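Below are the chains, spelled out letter by letter.
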Amino acid sequence: MSTSSFVIHLLNAISFAMLLFLVSVGLNLIFGVLGVINFAHGALYMVGAYAAFQVAGAWDVPFGVALVVAPLAVAVIGTVIEVLFLRRIYARDIAVQLLMTFAFVLILDDLVRLIWGTGIKATPRPELLSGAVSIFGREYPIYGLFIIVLGPLVAAALWYFIERTSFGQRVRAASTDRHMASALGVNVPVLFSAVFALGSLLAGLGGTLAAPLRSATPSMGENIIILTFIVVVVGGLGSFPGALTGALMLGLLNEFAPLLVPRSEMAVAYALMAIVLLIRPRGLFPSPALTT
Amino acid sequence: MPQRIVDRRGFLKDVGVAGAALAMGPLLTACEPEGGGGGGAGGDGPIRIGGMWLLSGALSAYGEFAREGANMAVEELNDDGGVLGREVEMLFEHEGDAESVLQVTRRLALEENVDFLMGLDSSGTAQALVPAIPELGKVLMVTHAASNEITGELCNRYVFRCSVNVPQNCYLGAQLAAEEYPDLQTWGTIGPDYAFGYETWEFFSRYLQERNLEVSVIDPIYPPFPNEDFSSHINQALDARPDGLFVSLWGADLVNFVRQAQDFGLFDQITPIFQLGAAMEVLEGLGNEMPTGYWAGTRYWWDGIDSETNQRFVDAFRERYDHPPSYNAQCAYTGVMLLAAAAEEAGTTEADPVIDALEGIEFDAPQGPTVIRAEDHQALVEPTWGKLADSPDEDFMILDPVVHAPADEATPPVGETNCEME
Amino acid sequence: MKARERTAARPVDTRPVRLEGRRQKWTARARTLAWLLLVAALAVAPFVAGSYRTLLLTEILIFGLFASSFNLLFGYTGLLSFGHAAYFAGGAYASALIMVEAELPLPAGILAGLVGGALLAALFGVFCVRVNEIYFSLLTLAFGMLVYTVVFQAREVTGGSDGFNLYELGSVSVAGRELLLGHPQVFYFVTLVTVVLGVALLERVGSSPFGQVLRAIRENSERVDFLGIPVRRYRYKAFVIAGAMAGLAGGLIAPFLRVAHPQMSHWTTSAEVVLGTILGGEALFLGPAVGTGVLIWLESLVTGRTVYWPLVMGVILLVLVLFLPGGILGTLTRTYRRVRGSGR
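Owing to the predicted nature of the structure, the values given are computational and were not obtained by experimental measurement.

So, how was this worked out
- Residues numbered from 1 in each chain as written.
- Chains lettered and ligands numbered in written order.
- Predicted model: local features only at pLDDT ≥ 70, side-chain atom pairs only at ≥ 80, totals over all residues.
- Heavy atoms only, no water.
- Helix = DSSP H or I, 4+ residues; strand = E, 2+ residues; numbered from the N terminus.
- Rg over C-alpha atoms; globule rule 2.2 N^0.38 Å.
- Buried < 20%, exposed > 50% of the residue type's maximum accessible area, 1.4 Å probe, protein only.
- Areas by Shrake-Rupley, 256 points an atom, 1.4 Å probe, with all protein chains shown as cover.
- Lys, Arg positive; Asp, Glu negative; His and termini not counted.
- Charge placed at Lys NZ, Arg CZ, Asp CG, Glu CD.
- Contact = heavy atoms within 4.5 Å.
- Pairing = 2+ DSSP bridges.
- Axes fitted to C-alpha atoms, helices over the stretch in contact; angles between N-to-C directions.
- pLDDT = per-residue confidence, 0-100.
- Disulfide = S-S within 2.5 Å.
- Expected span 1.5 Å × (residues − 1).
- Buried area = accessible area lost by both parts, 1.4 Å probe.
- Salt bridge = Lys/Arg side-chain N within 4 Å of Asp/Glu carboxyl O.
- Polar contact = N/O pair within 3.5 Å; in protein donor to acceptor, adjacent residues only side chain to side chain.
- Nonpolar A, V, L, I, M, F, W, Y, C, P; charged D, E, K, R; others polar.

Asks: I'm lost on the overall build of chain A in this one. Help?
Replies: The secondary structure content of chain A amounts to 11 helices and 2 strands. Moving toward the C terminus, one meets the helices and strands of chain A in the order α-α-α-α-β-β-α-α-α-α-α-α-α. Computed over C-alpha atoms, the radius of gyration of chain A comes to 19 Å, within 12% of the 19 Å expected from 2.2 N^0.38 for 292 residues, which places it in the range of a compact globule. Considering only C-alpha atoms, chain A reaches an extent of 60 × 45 × 35 Å along its principal axes. The buried share of chain A, reckoned over its 292 residues, is 62%. Element-wise, carbon and sulfur atoms account for 69% of the exposed surface of chain A, whose accessible area totals about 10400 Å². Taking the average location of the 15 positive side-chain charges in chain A and that of its 12 negative ones, the two points are 7 Å from each other.

Asks: Please clarify how the overall build of chain C should be interpreted in this entry.
Replies: Helix and strand content of chain C: 14 helices and 4 strands. Compactness check: chain C gives a C-alpha radius of gyration of 20 Å against a globular reference of 20 Å for 344 residues, within 12% of the reference. Projected onto the principal axes, the alpha-carbon positions of chain C cover approximately 55 × 45 × 45 Å. Per-residue burial for chain C yields a buried fraction of 60% across its 344 residues. Within chain C, residue pairs in contact and separated by at least 24 positions form 74% of the contacts whose partners lie at least 6 positions apart. Per element, the accessible surface of chain C, about 13800 Å² overall, is 64% carbon and sulfur. Separation between the mean location of the 30 positive side-chain charges and that of the 18 negative ones in chain C comes to 15 Å.

Asks: Honestly, the sheet that holds strand S2 (residues 88–94) of chain B in this entry has me stumped. Any pointers?
Replies: Pairing between the strands of a sheet is mediated by backbone hydrogen bonds and can be parallel or antiparallel. Residues and elements named next belong to chain B. The parallel open sheet is built from 5 strands, whose spatial order is S2-S1-S3-S4-S5. Each end of this open sheet is capped by a strand with a single partner; those strands are S2 and strand S5 (159–161). Neighbour-to-neighbour, the strand axes of this sheet turn through a mean angle of 25°, independent of strand direction. Bridging between strand S1 (residues 47–53) and S2 involves 7 bridges; their strand directions are parallel. Within S2, the residue paired with Ile-49 across the bridge is Met-90. Relative to S2, helix H2 (residues 60–79) is tilted by about 170°, and along the sheet it contacts S1 and S2. On the sheet, helix H12 (residues 327–346) packs against S1, S2, strand S3 (116–119) and strand S4 (139–142) and is oriented at approximately 160° with respect to S3.

Asks: Can you walk me through helix H8 (residues 209–219) of chain C in this structure?
Replies: Note: α-helices contain 3.6 residues per turn, so residues at a spacing of three or four share the same orientation. Residues and elements named next belong to chain C. In terms of burial, H8 is a largely internal element, 8 of the 11 residues being buried. For H8, the full list of buried residues reads Phe-210, Gly-211, Gln-212, Val-213, Leu-214, Arg-215, Ala-216 and Ile-217. In this structure, the buried residues of H8 make contact with helix H2 (51–76), helix H7 (184–207), helix H9 (221–226) and helix H10 (231–257).

Asks: Which parts of the structure should I look at to understand the confidence of the model for chain C?
Replies: Detailed reading of the predicted coordinates is not advisable wherever pLDDT is low. All names here are of chain C. When the pLDDT values of chain C are averaged, the result is 86; 92% of them are 70 or greater. The model gives residues 1–19 a pLDDT under 50, and that stretch makes 32 contacts with residues more than four places away or in other chains. Across the predicted assembly, pTM comes out at 0.88 and ipTM at 0.87.

Asks: Can you walk me through the state of the cysteines in this structure?
Replies: Note on terminology: disulfide describes a covalent bond linking the sulfur atoms of two cysteines. Residue and element names in this part refer to chain B. Within this structure, the stated rule accounts for 1 disulfide over all chains. Covalently, Cys-155 is tied to Cys-419 through a disulfide, its sulfur atoms 2.1 Å apart. Torsion about the S-S bond of the Cys-155 and Cys-419 cystine: about 85°, corresponding to right-handed handedness. With Cys-155 in the loop between S4 and S5 and Cys-419 in the segment after helix H14 (407–410), the pair connects residues that are 264 residues apart, well separated along the chain. Of the two residues, Cys-155 and Cys-419, both sit in the buried class. Cys-162 carries a free sulfur, and the closest cysteine sulfur to it, the one in Cys-331, is 5.8 Å from it.

Asks: Please clarify how helix H1 (residues 3–34) of chain A should be interpreted in this entry.
Replies: Residues and elements named next belong to chain A. When the terminal C-alpha atoms of H1 are compared, their 45 Å separation across 32 residues agrees well with the 46 Å that a helix rising 1.5 Å per residue should span. Burial analysis of H1 places 28 of its 32 residues in the buried class, which makes it a mostly covered element. Immediately downstream of H1, the backbone of Gly-35 shows phi near 75°, a positive value.

Asks: Looking at this structure, I do not really get the interface of chain A and chain B. What am I missing?
Replies: The accessible area lost on association of the parts is a frequent measure of interface size. Contacts between chain A and chain B engage 32 residues on the former and 33 residues on the latter. Both faces considered, chain A and chain B share a buried interface measuring about 2700 Å² in area, 43% of it formed by carbon and sulfur atoms. Summed over the shared surface of chain A and chain B, the number is 5 salt bridges. Inspection of the region where chain A meets chain B yields 15 residue pairs in polar contact (both at pLDDT 80 or more). Secondary-structure elements contributing two or more residues to the side of chain A that touches chain B are H1, strand S2 (138–141), helix H9 (220–235) and helix H10 (240–260) of chain A. For the side of chain A that touches chain B, the element with the most residues is H1 of chain A, which contributes 5 residues. A breakdown of the residues in the side of chain A that touches chain B according to their chemical character gives 14 nonpolar, 10 polar and 8 charged.

Put into structure tokens, the structure is as follows:
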């Protein structure tokens, strides 16, 4: 493999990893604080992609607006799900929680179909970010670089939010011991809603960013949710650095494994997930509570 | 929750309830006459056609077009007094995949008691189903699935296809590649990782090498199907750098591939030809992002057939649905019309006379004159390709010019299809 | 069936154990009678129902066995597997291979399904029983999807996404008459016999002392461990038996649908039995089979009328989770008990 080819493949891997990271870290946030594994996280990612299409495609508003509006819309939907439904079953078995979020996968997939129909929805690329730059004589899309830059920025913002704000302090307190936090005057139900909204926002952001790359279809969430599961299991449930590491590992595997053995990428990914679960069940960055 | 699995004292009623629910559930409706609301085969009630397409999931845009085409055909027939004096009724089901298609078909054939079966978008699904059709005793008209095997190796008396198949499509594609791009010496492919992707590449590369002896081919690239992110595969193609690239991806995969490939400047360096690029589902999805100046194939192009039948069909379709018909809509429309014509000729909807009527039938379809070959039940129809071009009238790319190849040249002779009818 | 005393290890259940000999004998007889009635009803069904309903019932029976095998892990042992479809698919591919490649008859194919499921479970079980709770779910999910990707991609052997087709089931001679095995009624009885044997085995395992230990493990595995019972070994045995019975169901599904397909190993297929089990109620032996059967039946009713089946399914599931803890059978039983209780 030539240097240029290697660099391009590497950038591909990182760009994909950053997209995965944004979605995974949302899932991790929700698990870290609420203790719920949200099957519908992929469906929220899909809703983000459709919302981005609606704003930047159907209404023809600049993509920058969609980048704000679409994730917020998903956050609102997430809040509705949490307040009306999920909240009622925190005390129940984890299987019940999985089932309820699975119900939302089915519901959201079909609602999207009812609203936007079955057509293949391609969101136009933002003017500013279209085109490519030359890297070692090969072209690389600017939009890919944009995602590579945006990933760490969002990670830094999240870190600041969780570590340095009073809201973040309460989130951390609740993730360690929700009863203690409650006793200390933290309004835990409101906090849970806020965390679920923030997690949904991240899923929506992932979907928004994916929209100009991948066309929106009613089943696009099914693929990403499984990848996200692998990321958070490998990295460690509830861990931010784990999500980053897991996403990078999966991104690299996805790009380079098929170059060595064709069609091997997903098999290797599942094998990796299984091995990590066996050797370090709590992931590479195990954490008793939310860690950034 | 109850703490036990089996409570011995409560067991009797558990089994009772369970037995009732389990055994009686499907039987509760058993008292209804067979065929539910319809008259079924041979009766005086409506003639029922069971249509199966991809009506759910990432490729459901294709199924929706087929539904539109079939519904329009049924309405036209009924406005005209029906078939054999009976009303025609269309039932739609999601075809699912090779795992679920047989149960769907059984339900249509045995529960809904349809007179005819039609549809099928995916070749893999069709290959799983076709051999099981004779035991259901119903005619199946395939309208999209293009694998050669359906009217080849797996052919049987009950299965017909009214649409362009893989060899027909590849014949014209290879002719264009050889004549339009005589300087492109190495060719590669990027196609879906299943029967269809393999078969198209096999036919295209063979036909191309027969026409241009200088041509060599490189290892094919087969991304998983379906797939969203093609950047890795695009760069594999850029690494290998053939002169020409035969693209057999379709549906949402093709939309994603085209957009991502342009990001990497793939088409500036490797000349693509798109086997199914001129599907309306794809062109509508891509809008002005579809690159122009490249050759794209289809099974039918609405502006490509200069006939009264086609003009009337396209006008009525646009009037009704506000967009031009895709090839899948046309094929579904033609499939219904062919079944109706055969039933009229046979004077019944019974399978055997209808099969006899279908064999060798000549029909003036929107896609042009269509003959169902008696020996293998494949439609002899002219394949369509065209050059992608911008149009001031539409908000998607169109084909200009449109080219065809004679049906008898493009279709492999009966002796080469491996079809052995019993 | 003889009444057996409940042995050891039910640490959490504090209800008084009733050991009224005569009454026990009576319930044991009633229970046998109920089973016989159920089987008799199922044996008569295809003569009453049309061809399609017979086919639908065949599918329900096969998935009923699959769901019951899943429940040996979930309802009895407390292990929520999200990859149980792997063993179902293992059975399906084993039977398809045996029947197509080795050209052996249908019974050999069905048996191969059992062996295939058991072998696969014996392999993955070694690892799966080491982890607990959510990690067990995730690990079974990982192995399940590993099987999926392997059968999806080993196209040369499995046919990949096109599936591994088996078109001919052949025929069997019964009393001088040639019976086509692909005929709905004939295949129904093949299925019925197999499923009854499989379900009976699961029931015996569940009500044996071995099953009692499994339940104790579900309630409190640490305490069982403390009593000196090797928890992992019990879990492993349950895992392999569950895998074998899922494989047996898979050995039926491939000839029934004439294809072994990667989708059979996908996590969504695993989710189907999880849903069916919770729908029916995992606390009752027949709950999972009934729930899964109801799902299949509903689906067959709904899909012909709307393409929005997933939406319907999602809403049903949501209602169920919120309002029917314990599932259909569980709720029915509880309501019945309450009504009866208040009548006293």
